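Chain residues, written in single-letter form:
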Amino acid sequence: MIPLASPDIRDEDIAAAVKVMRSGMLVQGPEVARLEAEFGLFTGAAHAVAASNGTATLQLALRALGIGPGDEVMVPALSYIATANVVELAGATPVFVDVQERTFNIDPAKIEAALTPRTRAILPVHEFGLCCDIREVMEIARRHQLKVIEDAACALGAYDGGQHAGTFGDVGSFSLHPRKAISCGEGGVCLTKDGALAARLRILRNHGVDVIDGLMEFVDAGFNFRLTDFQAALVHSQLLRIQETLQKKKALAEVYYNEIKHEGLLLPLVPEGKDHSWQTFHLLLGEGLDQQKVLHTLRAQGVGSNYGAQCMPAQRYFLGKYGHDSAQQFPHAYRAWTRGVAVPLYEKLSAGDIRKIASILNSLA
Ligand SMILES: Cc1ncc(COP(=O)(O)O)c(C=O)c1O
């Protein structure tokens, strides 16, 4: 069986985590600070703030930017459900915008039509590890004085015009879940260029505590979204070899491009000027192929596969609350959800594994 995803945890990563466990300093200590420093260096961000997962970092961003009841936040209709859940959890309203047909990212051309006087922010996603048209999103946000929170959960190692994902908006949010390029099980990091905002994110992740004149003061009703120090050590050790990981994934993606010949399979489109991080290799099925049948065939032949992402407004909770007709209103997101298939792509696989998967894909009927 080739699973859909499998983190590359090496002996040195485990040793780094065990060392911290033996130290007795378990939560948000020097290893978290070291991870944040390294994350900032790698992405080019002025400030990095680690937290317990990539949903928590989105929640922190919304709270720190003061987004709450009465506000609307624009989100792409296609993403992992956390992107829309966090807007609901903040008491705000998600306004869904369809994605582009082939990049699966929010369509900037559709953002302005969805603006209302209550719109406070745009929460674009760099879906599957490909940067959305973030420069256009930033320009729209500037014109309408909106905040931008980039959901870069899948985008460590993704660039637009040489600039790292998550460094364009007010806050960029990353996940360290096992399907991501580096992982400590649960974990997240958010980035910002604004020092005051970084301070606020730090206060909110730790029960609202600040240190004023050397004394602890509870200045807000914060969360407990701290990351443990042994998780930080586990993932920091992987971050040190991130270039190697990204190169390997890029080379494996090339094998898919060279080997997949089936006319009913649409390969991912990577526009000029963007570097994909290849968190997911996502195929779109042509009319002749049935998604359930394809998933079943792949799994029966030992290849882990799944939907790529969800059309969020079509999920039971959002459908019940907002009643959108997703197939009509968000046709590209709906198509990607109902006709998309994610296949394995991670650094532990060999070119031979990818060739084997491609040959199974080529024989789909
Ligand atoms: C686009 C997107 N946003 C948010 C998340 C949430 O991240 P986490 O699982 O670390 O909470 C994920 C996780 O897969 C994701 O893919």
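Everything numeric in this text was worked out from a predicted model, so none of it was measured.

## A few points about the confidence of the model for the chain
(1) Moving on: Across the chain, the average pLDDT comes to 97, with 100% of residues at or above 70.
(2) Moving on: Summarising per-element confidence for the chain, the mean pLDDT is lowest in strand β11 (residues 209-212) (95) and highest in strand β6 (residues 147-151) (99).

## Comments concerning the sheet that holds strand β17 (residues 340-343)
(1) Moving on: Taken in spatial order, the three strands make up an open sheet running β13-β15-β17, and their pairing is antiparallel. Bordering the open sheet on either side are β13 (265-266) and β17, each of which pairs with just one other strand.
(2) Moving on: Note that strand β15 (residues 281-285) and β17 share four bridges and pair antiparallel. Its bridge partner lying in β17, F281 is registered against V343.

## Describing the sheet that holds strand β7 (residues 159-160)
(1) Moving on: Strand order in the open sheet made by the three strands is β8-β7-β14, with antiparallel pairing throughout. Every interior strand has two partners, whereas the edge strands, β8 (163-164) and β14 (274-275), have only one.

## Remarks on the site of the ligand
(1) Moving on: Around the ligand, a shell composed of 14 residues is seen, among which G54, T55, Y80, A153 and S175 lie nearest.
(2) Moving on: A per-class count over the shell around the ligand returns five nonpolar, eight polar and one charged.

Rules used throughout
Residues numbered from 1 in each chain as written. Predicted model: local features only at pLDDT ≥ 70, side-chain atom pairs only at ≥ 80, totals over all residues. pLDDT = per-residue confidence, 0-100. Helix = DSSP H or I, 4+ residues; strand = E, 2+ residues; numbered from the N terminus. Pairing = 2+ DSSP bridges. Near = placed C-beta within 6 Å. Nonpolar A, V, L, I, M, F, W, Y, C, P; charged D, E, K, R; others polar.

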